[in-house]
Amino acid sequence: MATGETENEETIDWRKALFTREAWWGYLVVALGGLAAGLGAMYFCGVELFVGGYVRDWNNEQPWLAFLVMPAFLILIIYLRDNFFCGTDGTGIPQTIAALKLRDGVARDAVLSMRIAVGKLILTTLGLLAYLSIGREGPSVQLGACFMRCCNRFAHFPAHLVQRGLILAGGAAGIAAAFNAPIAGVVFAMEEIGRRFDKNNMGTLVRTVILACVVCTIFMGNYYFYGDLDHDRDPLMFDSIGQWLIVPVIAIVGGLLGGLFSRTLLICMPHVGRAMKKNFVITAGLIGLSCACLAWFTEGGTLGSGYAQAQALLLQGSPEYLETLTPHHQDILAEAKDHVTPFYFLWRALATFLVLLTAIPGGLFDPSFSVGAGMGHTLFPMFAWSGATEQSVILLFIVAYFSGVVQSPMTSFIILLEMTGVTMFALPLAMTAMLAYEVSRLVCRTALYEALAFNFLKNATCAPEEPKTSEKPAL
């Protein structure tokens, strides 16, 4: 009888969802929220592309400008953040995670609202203008979550959507649209943001991700973020024992370094936060000058997110695809490749570390990918004996280091597959990501985003219990 009642209720809900005006109005509101999330991600992408040309020019002609621009913009961003846009600090992903643990109302307004969305747009734009070592996926996540949560004001939704579904959908849409990686967006929402699978919210989540990606596809084309690496050639794959033997080695090295990065960041952030409260001008100014010194020392190699350097390193193994790019794009990649030195990955990691210490709006996906790419490029001679190509080693180091930093292994290898199209290379990437995740947990017991979310919640009205390292199931 109970089964029959359940089936009857589901049938009634299904018919109601199809034939009532209220339900279709809800679908429309959610669709608009998804479109807004896609537009937000596309805006950040446009800003980064627009600014890149100007920054390359002044770096080549007047590199000393970095010593003025970086400190000044950092001070301005922190002043605006602390005085007008509280709640916009950090990548945006920890705040979105924290929002799921807060009750809907004033507490969530502190991290997800239209005021936060406007602030995130303004402050992230300033960070991109300063060409700091930040990505755009974190702000895209919080922006998408803000837009989707605001849907509550215009339509009535079931409790499961109000409490979790809309926020998860917005966060997933932000990741998916930023990298044109819809599957990775859905997986990241379950693996990292929501930290569990919720069947009730899957329909809304997937529809929102699709709409956000469609927006970017319409204006930017259906593209691979780093390029179609298998274009007009045999698919990249491992087919010998020697090649497979390097997988655990790269996983250990990348996972260990990624875990150490996160652990060190979590240790240092409270100290820098206290220094910011005492005198944010001096603290931000010193960090900005340090970033400028790195940019000067590397001849501009640490400016921006590191996307161009990572793409240049990857595409050197795909000359067929590289030839399909415009001459201007090829020149940009050639210039970026010239700035990749043997220690590029260290300088990029340091530049990213310094910016993250300030907790200004900005993501760490792009910079982390670039660190992994530089690591693979530098250490490739150590693995040449295996018969693996440099491109395959770079891909493995990207996924290993990134999985070590964020401790989201499924997202790590799925997003790299969607960004490069190397589907036959899925198994080596998956194995590397999983092993790197386990190694990273040995040095950083609590995942970076989870720890940052907890630190934020400690200052909220109702702080939750200390996060447990066993909350995320071992993979």
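Residues numbered from 1 in each chain as written. Predicted model: local features only at pLDDT ≥ 70, side-chain atom pairs only at ≥ 80, totals over all residues. Heavy atoms only, no water.

(A) Expanded view of the overall build of the protein. For the protein, the helix and strand inventory stands at 21 helices and zero strands. Along the first, second and third principal axes, the C-alpha set of the protein runs to 65 × 55 × 45 Å. Within the protein, the fraction of its 475 residues that count as buried is 57%. When contacts within the protein are restricted to residue pairs at least 6 apart in sequence, those whose partners lie at least 24 apart make up 82%. Looking at the protein as shown, the accessible area adds up to about 19,900 Å², and 66% of this sits on carbon and sulfur atoms. For the protein, the separation between the mean place of its 30 positive charges and that of its 36 negative charges on side chains is 12 Å. (Helix = DSSP H or I, 4+ residues; strand = E, 2+ residues; numbered from the N terminus. Buried < 20%, exposed > 50% of the residue type's maximum accessible area, 1.4 Å probe, protein only. Contact = heavy atoms within 4.5 Å. Areas by Shrake-Rupley, 256 points an atom, 1.4 Å probe, with all protein chains shown as cover. Lys, Arg positive; Asp, Glu negative; His and termini not counted. Charge placed at Lys NZ, Arg CZ, Asp CG, Glu CD.)

(B) Main features of the packing of aromatic side chains. Considering all chains together, one arrives at 23 aromatic pairs under this definition. Taking 5.0 Å as the distance between ring centres and 90° as the angle between the ring planes, the aromatic pair formed by Phe-238 and Phe-425 counts as edge-to-face. One end of the pair, Phe-238, is in the loop between helix 10 (202-220) and helix 11 (241-278); the other, Phe-425, is in the loop between helix 19 (409-420) and helix 20 (426-443), with 187 residues separating them in the sequence. Aromatic ring contacts, followed pair by pair, group Phe-179, Phe-188, Phe-225, Tyr-226, Tyr-307, Phe-365, Phe-369, Phe-402 and Tyr-449 into a single cluster. (Phe/Tyr/Trp six-rings, centres within 6.5 Å; stacked < 30°, edge-to-face > 60°.)

(C) Structural detail: helix 9 (residues 182-193). End to end, helix 9 covers 15 Å across 12 residues, agreeing with the expected 16 Å (1.5 Å per residue, within 8%). With nine of 12 residues buried, helix 9 is to be regarded as a mostly interior element. Along helix 9, the residues classified as buried are Ala-184, Gly-185, Val-186, Val-187, Phe-188, Ala-189, Glu-191, Glu-192 and Ile-193. After helix 9 finishes, the residue Arg-195 shows a positive phi value of roughly 60°. (Expected span 1.5 Å × (residues − 1).)

(D) Geometry of the pattern of salt bridges. Inspection of the entire model under this criterion finds five salt bridges. Here Arg-136 ties to Glu-48 by a salt bridge, and the two come within 2.6 Å at their closest N and O atoms. Within this pair, whereas Arg-136 is found in the loop between helix 6 (114-129) and helix 7 (137-149), its partner Glu-48 is found in helix 2 (residues 21-61), the two being separated by 88 residues in sequence. There is no split in this pair, since Arg-136 and Glu-48 are both buried. Notably, a salt bridge pairs Arg-233 with Asp-230, separated by 2.9 Å at the nearest N-O pair. For Arg-233, a relative accessible area of 22% translates into the label partly exposed. (Salt bridge = Lys/Arg side-chain N within 4 Å of Asp/Glu carboxyl O.)

(E) Expanded view of helix 8 (residues 159-179). If you check helix 8, its first and last C-alpha atoms are 30 Å apart, about what 21 residues at 1.5 Å a residue would give, namely 30 Å. Of all bends in helix 8, the biggest is about 45°, found at Gly-165. Counting buried residues in helix 8 gives 18 out of 21 residues, a clear majority hidden from the surface. Positive phi shows up at Asn-180, right after helix 8, with a value of about 50°. (Bend = angle between axes of the 7 residues up to and from the residue.)

(F) Representation of the confidence of the model for the protein. Taken as a whole, the protein shows an average pLDDT of 88; of its residues, 91% reach a score of 70 or greater. Element-level mean pLDDT values for the protein span from 46 in helix 1 (residues 2-19) up to 98 in helix 18 (residues 390-406). Ignoring residues within four places in sequence, the model shows residues 461-466, a span with pLDDT below 50, making seven contacts including any to other chains. Of the regions scoring below 50 in pLDDT, residues 468-475 engages in 21 contacts with residues more than four places distant in sequence or in other chains. (pLDDT = per-residue confidence, 0-100.)

(G) Quick look at a nonpolar patch on the surface. Taken together, the side chains of Leu-39, Val-206, Ile-210, Val-214, Ile-218 and Phe-219 make up a nonpolar region of the molecular surface, amounting to roughly 550 Å² of accessible area. With five residues, the top contributor of residues to the nonpolar patch is helix 10. When you line up the elements, Ile-210 lands in helix 10. (Patch = residues over 30% accessible without salt bridge, like charges linked within 9 Å, V, L, I, M, F, W, Y side chains within 5 Å.)

(H) View of the environment of Gly-372. Along the chain, the position of Gly-372 falls in helix 17 (residues 365-379). The exposure class assigned to Gly-372 is buried, which follows from its relative accessible area of 0%. Through-space distance from the C-alpha of Gly-372 to that of Gly-387 is 20 Å; in sequence the pair is 15 residues apart. Dropping the residues within four chain positions of it, Gly-372 is found in contact with Ile-394, Phe-397, Ile-398 and Tyr-401.

(I) Structural detail: the nonpolar core. Phe-157, Phe-179, Phe-365, Phe-369, Leu-395, Ile-415 and Leu-429 are the most contacted members of the largest nonpolar core, which has 144 residues in total. Setting aside its immediate chain neighbours within four residues, Phe-365 contacts Ile-93, Glu-137, Ile-175, Phe-179, Phe-188, Phe-402, Ile-415 and Tyr-449. In this structure, Ala-41, Ala-173, Ala-177 and Ala-212 belong to the second largest nonpolar core, which totals seven residues. (Core = buried A, V, L, I, M, F, W, Y, C linked by side-chain atoms within 4.5 Å.)

(J) Summary view of the environment of Gln-95. For Gln-95, the location among the structural elements is in helix 4 (residues 93-100). Classification of Gln-95 as buried rests on a relative accessible area of 5%. Placed 212 residues apart in sequence, Gln-95 and Tyr-307 show a C-alpha to C-alpha distance of 25 Å. If sequence neighbours within four positions are ignored, Gln-95 has contacts with Gly-87, Asp-89, Gly-90, Val-111 and Gln-142. Side-chain polar atoms of Gln-95 contact the backbone oxygen of Asp-89, separated by 2.5 Å. Side-chain polar atoms of Gln-95 contact the backbone nitrogen of Gly-92, separated by 3.3 Å. (Polar contact = N/O pair within 3.5 Å; in protein donor to acceptor, adjacent residues only side chain to side chain.)

(K) Just the packing of helix 18 against helix 20, in detail. For the pair helix 18 and helix 20, the least separation of the axes is 8 Å and the interaxial angle reads 35°. The hand of the helix 18/helix 20 crossing is right-handed. Residues Leu-395, Leu-396, Val-399, Ala-400, Ser-403 and Gly-404 of helix 18 lie in contact with helix 20, whose contacting residues are Pro-428, Leu-429, Thr-432, Ala-433, Ala-436, Tyr-437 and Ser-440. Its residues assigned to classes, the contact of helix 18 with helix 20 comprises nine nonpolar, four polar and no charged. (Axes fitted to C-alpha atoms, helices over the stretch in contact; angles between N-to-C directions. Left-handed = near helix turned anticlockwise from the far one by under 90°. Nonpolar A, V, L, I, M, F, W, Y, C, P; charged D, E, K, R; others polar.)

(L) Structural view of the packing of helix 4 against helix 7. Running from amino to carboxyl end, helix 4 crosses helix 7 at an angle of 35°, the nearest separation of the two axes being 8 Å. Within the contact between the two elements, helix 4 uses Ile-93, Gln-95 and Thr-96 and helix 7 uses Gly-138, Val-141, Gln-142 and Ala-145. Of the residues belonging to the contact of helix 4 with helix 7, the class tally is three nonpolar, four polar and no charged.

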